[in-house]
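Listed below, chain by chain, are the residues.
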Amino acid sequence: RVADYSFSFHGISLLTVIQSVLFYCLVYAGTGLLQEVVYLVSQGADPDEIGLMNIDEQLPVLEYPQPGLDIIKELTSPRLIKSHLPYRFLPSDLHNGNSKVIYMARNPKDLVVSYYQFHRSLRTMSYRGTFQEFCRRFMNDKLGYGSWFEHVQEFWEHHMDANVLFLKYEDMHKDLATMVEQLVRFLGVSYDKAQLESMVEHCHQLIDQCCNAEALPVGRGRVGLWKDIFTVSMNEKFDLVYKQKMGKCDLTFDFYL
């Protein structure tokens, strides 16, 4: 069984998020990496400092019951908040461009493998089925947080909005320096050339630490993970569903580097 989720959408839609930075990923599209990189860039922090803190306490999840909306409202601006919610459920204040949104998308083949491994690693998720069954649920939009296809396309429709920065997980591995520069400009922080080069190096350290952590299944953070587990027939079926559901969208992904 895959876990179900329910949220107080009404309270979230009324939340005032002025002078906040919210960033969004569908589950296991690189949430852990993105939150640490965003915190590092926005705060000018040191990777070793981040390793000693509970980063989840610094960046609360909008829809989770803890710490809750009342606590989030009291955080000092600019606030860093994360979420996995679809665009249509975001605070109405955000739709008006009064805060900044960073969204990260990951190619869906790697995402579904990583998401499956995540479910298998936590007893609270209670999923003990096969990967084939899990992948079928993913293609049929039957996992928590709903359809990946709708989720990513909703945000892509707003990727040209001035208050939205749409990123791809694969670009962190392909061209991290450019991504860090995008974040610096988007967040409005100031670095000279030497500081920017140092920040890129710090981000490289974070990514290496996250992707090689002993607590994670080997390679869960790498690009092209899907090739180790997809069968030929599964890949053909996935490509067919992907074409059907994403055919009208001009968003593209790197499925391997």
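Here, the structure is the one placed above.
Each value, and the rule that gives it
Residue indices follow the written sequence of each chain, beginning from 1 at its first position. In view of the model being predicted, local features appear only for residues whose pLDDT reaches at least 70, and side-chain atom pairs are presented and counted only at 80 or more, with totals across whole chains, interfaces and linings using the full set of residues. Computation of side-chain values covers all heavy atoms of the structure but excludes hydrogens and water. The helix and strand labels rest on DSSP assignments: H or I over at least four residues marks a helix, E over at least two residues marks a strand, and numbering proceeds from the N terminus. Throughout, exposure labels follow a simple rule: accessible area from a 1.4 Å probe, protein chains only, divided by the maximum for the residue type, with under 20% read as buried, over 50% as exposed, and the rest as partly exposed. Contacts: residue pairs with any heavy atoms within 4.5 Å of one another. Surface accessibility follows the Shrake-Rupley procedure with a 1.4 Å probe radius. Residue values consider only the protein chains on display as shielding. By convention a nonpolar core is built from buried Ala, Val, Leu, Ile, Met, Phe, Trp, Tyr and Cys residues, the set being connected through side-chain atoms within 4.5 Å. An arc is given here, and it is the one of the directions from the helix axis to the C-beta atoms. What counts as a salt bridge is simple: a side-chain nitrogen of Lys or Arg found within 4 Å of a carboxyl oxygen of Asp or Glu. Each pair of aromatic rings taken from Phe, Tyr and Trp, with Trp reduced to its six-membered ring, is defined by centres within 6.5 Å and is described as stacked if the planes are under 30 degrees apart, edge-to-face if over 60, and tilted in the remaining cases. For a lysine, the NZ atom is tested; for an arginine, the CZ atom; a charge sits over a ring if that atom is within 6 Å of the ring centre and within 35 degrees of the ring normal. Lines are fitted to the C-alpha atoms to define the axes, a helix being fitted only along its stretch in contact, and any angle between axes, read from their N-to-C directions, falls within 0 to 180 degrees. Note that the term roughly parallel is reserved for angles under 35 degrees, roughly antiparallel for angles over 145, roughly perpendicular for angles of 65 to 115, and oblique for everything else. Here a crossing is taken to be left-handed if its near helix is turned anticlockwise relative to the far helix by less than a right angle, and right-handed if that turn runs clockwise. Three classes are used, and their members are as follows: Ala, Val, Leu, Ile, Met, Phe, Trp, Tyr, Cys and Pro are nonpolar, Asp, Glu, Lys and Arg are charged, and the others, Gly among them, are polar. Pairing between two strands requires that DSSP report at least two bridges joining them. Helix span, expected: 1.5 Å multiplied by one less than the number of residues in the helix. Polar contacts here mean pairs of N or O atoms no more than 3.5 Å apart (in protein, one a potential hydrogen donor and the other a potential acceptor; neighbouring residues in sequence count only if both atoms are side-chain atoms).

(A) Seen up close, the overall build of the protein chain. Each helix and strand counted, the protein chain has 13 helices and 4 strands in total. Scored against the burial criterion, the 257 residues of the protein chain give a buried share of 51%. If you take every contact in the protein chain between residues at least 6 apart in sequence, the share linking residues at least 24 apart comes to 75%. Looking at the protein chain as shown, the accessible area adds up to about 12,800 Å², and 49% of this sits on carbon and sulfur atoms.

(B) Looking closely at the nonpolar core. Formed by 43 residues in total, the largest nonpolar core has its most connected members in Val112, Trp148, Val152 and Phe230. At the level of secondary structure, the elements contributing two or more residues to this core comprise strand E3 (100-105), helix H7 (108-121), helix H8 (131-139), helix H9 (148-156), strand E4 (164-168) and helix H13 (232-246). When residues in this core are grouped by element, the largest group, 6 residues, is from H7. Excluding residues within four positions of it along the chain, valine 112 makes contact with Phe131, Phe134, Cys135, Phe138, Phe230 and Phe238.

(C) The arrangement of H8 in detail. Inspection of H8 places Phe131, Phe134, Cys135, Phe138 and Met139 among the buried residues, and these make up the whole buried set. Down the axis of H8, the sector holding all buried residues measures 140°, keeping them to one side. For H8, the secondary structure elements touched by its buried residues are H7, H9 and H13. Immediately downstream of H8, the backbone of aspartate 141 shows phi near 65°, a positive value.

(D) Region of interest: the pattern of salt bridges. Taken as a whole and judged by the stated rule, the model has 6 salt bridges. One salt bridge connects aspartate 141 with lysine 245, and the closest N-O pair in it is separated by 2.9 Å. Of this pair, aspartate 141 sits in the loop between H8 and H9 while lysine 245 is found in helix H13, placing the two residues 104 residues apart along the sequence. Relative accessible area serves as the criterion here: at 26%, aspartate 141 is assigned to the partly exposed category.

(E) Main features of the packing of aromatic side chains. All chains considered together, the criterion is met by 17 aromatic pairs. Both rings, one in tyrosine 242 and one in phenylalanine 255, keep their centres 6.0 Å apart while their planes meet at 85°; by these two values the pair is edge-to-face. Of this pair, tyrosine 242 sits in helix H13 while phenylalanine 255 sits in the segment after H13, placing them 13 residues apart in sequence. On the accessibility criterion, tyrosine 242 (17% relative accessible area) is buried. Across from the ring centre of tyrosine 169, 4.2 Å away, lies the NZ or CZ of arginine 106, which sits over that ring. When the ring centre of phenylalanine 255 is taken as reference, the NZ or CZ atom of lysine 109 above it lies at 5.1 Å.

(F) Region of interest: the packing of helix H2 (residues 31-43) against helix H11 (residues 176-187). Viewed as axis vectors pointing N to C, H2 and H11 meet at an angle of 55°, and their least axial separation amounts to 10 Å. Classed by the angle they form, the pair H2 and H11 counts as oblique. Between H2 and H11 lies a crossing whose hand is right-handed. Along the contact surface, H2 presents Val37, Val38, Val41 and Ser42, while H11 presents Val180, Leu183, Val184 and Leu187. Of the residues that constitute the contact of H2 with H11, the class distribution is 7 nonpolar, 1 polar and no charged.

(G) Looking closely at the pairing of E4. Within E4, 4 of the 5 residues are buried, leaving the element largely enclosed by the surrounding structure. Note: E3 against E4, 5 bridges, orientation parallel. Paired with tyrosine 103 across the strands is phenylalanine 166, a residue of E4.

(H) Broad picture of H7. The end-to-end C-alpha separation of H7 is 20 Å, in line with the 20 Å expected for 14 residues at 1.5 Å each. Of all 14 residues making up H7, 11 are buried, and the element is well covered by its neighbours. Of the residues flanking the start of H7, the one acting as N-cap is asparagine 107, its side-chain oxygen 3.1 Å from the backbone nitrogen of lysine 109.

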